[in-house]
Amino acid sequence: MQSNRQTEKDVQNSGLDYAIGRNGIYIEPDLEYLDTYIEEGEIRNCAGDGKCAYTSRAELGFAYSKMLIEDKHNGKIYNLVGHAISQSELADYINLVFNTKLKFTPVSVAAYLYERKTALGDFLGTVIAGIYEGIKNGSNNVLSDFELAAGRPHKSVEDIMRVYKEE
């Protein structure tokens, strides 16, 4: 995140026209992992009660297209995210849309880091555990500027899941 903020400053100081989007956590990886969640009967990570303002690739594509073609976005920075939800709420939405019976099981950061490093290797395991630790610590519970950027509200998590299910 710090390197991203430095890049933003560099762009702002460049003299160029710009519009910057700060992407949220994509919901698609959780949906692509659905078979594993179902097999295990749970969503297990270290996010605790933290909330995450998820987004989707399609929502980002829509917002960025508007930011690129509308001059009113010049010089603006937007948080391109939806409404923040907890991992328990994520499980509830998955259960509703995909007719599953998942629950959220919180684990410690240390336990999740060990689990992910064992399954994915040191680098990727550390990255994935870091994402969920960030959720726990509030890093992804940000206010959305999506409607300002896109001209319409961000789709709900449920609606994004329904579209994903149809694809």
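Residues numbered from 1 in each chain as written. Predicted model: local features only at pLDDT ≥ 70, side-chain atom pairs only at ≥ 80, totals over all residues. Heavy atoms only, no water.

Turning next to helix α7 (residues 122–136). For α7, spanning 15 residues, the distance from its first C-alpha to its last is 21 Å, which sits close to the expected 21 Å at 1.5 Å a residue. Those residues of α7 not exposed but buried are Gly125, Ala129, Tyr132, Gly134 and Ile135. Structurally, α7 contributes buried residues whose contacts are with α2 (28–32), α3 (34–40), β2 (42–45), β3 (51–52), α5 (87–98) and α6 (109–120). Once α7 finishes, Gly138 follows within two positions and takes phi at roughly 90°, a positive value. (Helix = DSSP H or I, 4+ residues; strand = E, 2+ residues; numbered from the N terminus. Expected span 1.5 Å × (residues − 1). Buried < 20%, exposed > 50% of the residue type's maximum accessible area, 1.4 Å probe, protein only. Contact = heavy atoms within 4.5 Å.)

Another aspect to go through is the packing of α6 against α7. The axes of two packed helices give the description: the angle between them and the distance between them. Contact pair α6 / α7: the axes reach a minimum separation of 7 Å and the direction vectors enclose 150°. Looking at the two axes, α6 sits roughly antiparallel to α7. Both α6 and α7 take part in a crossing whose hand is right-handed. Residues Val109, Tyr112, Leu113, Arg116, Lys117 and Leu120 of α6 lie in contact with α7, whose contacting residues are Asp122, Leu124, Gly125, Thr126, Ile128, Ala129, Tyr132, Glu133 and Lys136. (Axes fitted to C-alpha atoms, helices over the stretch in contact; angles between N-to-C directions. Parallel < 35°, antiparallel > 145°, perpendicular 65-115°, else oblique. Left-handed = near helix turned anticlockwise from the far one by under 90°.)

Moving on, we come to the pattern of salt bridges. Where charged atoms from two side chains of opposite charge come close, those side chains can pair. Here the structure, examined in full by the defined rule, presents 12 salt bridges. For the salt bridge of Glu40 with Arg44, the shortest nitrogen-to-oxygen distance reads 3.7 Å. Accessibility expressed as a relative area gives 39% for Glu40, which makes it partly exposed. Assessed through its relative accessible area of 22%, Arg44 is described here as partly exposed. If you follow the salt bridges from partner to partner, you end up with Glu40, Glu42, Arg44, Glu115 and Arg116 in one network. (Salt bridge = Lys/Arg side-chain N within 4 Å of Asp/Glu carboxyl O.)

A word on the nonpolar core. By size, the foremost hydrophobic cluster in this structure holds 24 residues, and its most contacted members are Ile27, Ile43, Leu90, Ile94 and Met161. If one sorts the elements of this core by residue count, α5 sits on top with five residues. The contacts of Ile94, once residues within four sequence positions are left out, are Leu31, Leu34, Ile43, Asn99, Thr100, Leu102 and Met161. Ranked by size, the runner-up nonpolar core spans eight residues in total, among them Ala63, Leu80, Phe146 and Ala150. (Core = buried A, V, L, I, M, F, W, Y, C linked by side-chain atoms within 4.5 Å.)

Nothing here speaks to function; it is all geometry.
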